[in-house]
Amino acid sequence: MENKAISMIEIGKVYTLKIFSGEEIVSKVVQIGDGFLELEDPVSLAPSQTGMALVPSVFSASMSENPRLNTNSVSLVAVTADEVKDKYRAVSYTHLRAH
């Protein structure tokens, strides 16, 4: 069954993806495949002493390949707020590797 929430996604843009576990993932979507989204530098929201922080969604994966998220896991897709996008870009591993 097709996930209708995925149909609004544009390649190369940053989105907030809420998955069925309740976790929110912020990431640039670089590919939409048959049943998966390929994500670049996905981060999750986590509470911190100063509010919400962005932390890597996957700690043990090699960053040489982008992770893929099963589209059946996605319950909500939203355009990420500008201030969160700015934080995402600041902590993006791709951005850090480029410097």
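Our subject is the structure that appears above.
Everything in this summary refers to the structure shown in the same document. Here the structure is a predicted model, which means the values were calculated and not measured.

With respect to the side chain of Thr 71
Part 1 of the argument: Here Thr 71 shows up in the loop between strand S5 (68–70) and strand S6 (74–79).
Part 2 of the argument: Setting aside residues no more than four positions away along its own chain, Thr 71 makes contact with Asn 3, Ile 6, Gly 35, Phe 36 and Leu 37.

Quick word on unusual backbone geometry
Part 1 of the argument: A positive phi angle is found at Asp 41, which is not glycine, with a value near 55°.
Part 2 of the argument: As for its position among the elements, Asp 41 is in strand S3 (residues 36–48).

What to know about the packing of aromatic side chains
Describing an aromatic ring pair means giving the distance of the ring centres and the angle of the ring planes.
Part 1 of the argument: Summed over the entire model, instances satisfying the criterion amount to zero aromatic pairs.
Part 2 of the argument: The cationic tip of Arg 68 hangs over the ring face of Phe 36; the distance from NZ or CZ to the ring centre is 4.0 Å.

Some points on the pairing of S3
Part 1 of the argument: Where burial is concerned, most of S3 is hidden: ten out of the 13 residues are buried.
Part 2 of the argument: One ladder, built from seven bridges, connects strand S2 (residues 24–33) with S3; its direction is antiparallel. The residue of S3 that forms the bridge with Val 26 is Val 43.
Part 3 of the argument: Adjacent in sequence and paired antiparallel, S2 and S3 are bridged by two residues, among which Gly 35 carries a positive phi angle near 90°.
Part 4 of the argument: Across three bridges, S3 lies against S5 in antiparallel orientation. Within S5, the residue paired with Phe 36 across the bridge is Asn 70.
Part 5 of the argument: Relative to strand S4 (residues 51–56), S3 is paired through six bridges, and the arrangement is antiparallel. Each bridged residue has a counterpart across the sheet, and for Ser 48 the counterpart in S4 is Gly 51.

Procedures and definitions
- Residues numbered from 1 in each chain as written.
- Predicted model: local features only at pLDDT ≥ 70, side-chain atom pairs only at ≥ 80, totals over all residues.
- Heavy atoms only, no water.
- Helix = DSSP H or I, 4+ residues; strand = E, 2+ residues; numbered from the N terminus.
- Contact = heavy atoms within 4.5 Å.
- Phe/Tyr/Trp six-rings, centres within 6.5 Å; stacked < 30°, edge-to-face > 60°.
- Lys NZ or Arg CZ within 6 Å of the ring centre and 35° of its normal.
- Buried < 20%, exposed > 50% of the residue type's maximum accessible area, 1.4 Å probe, protein only.
- Pairing = 2+ DSSP bridges.

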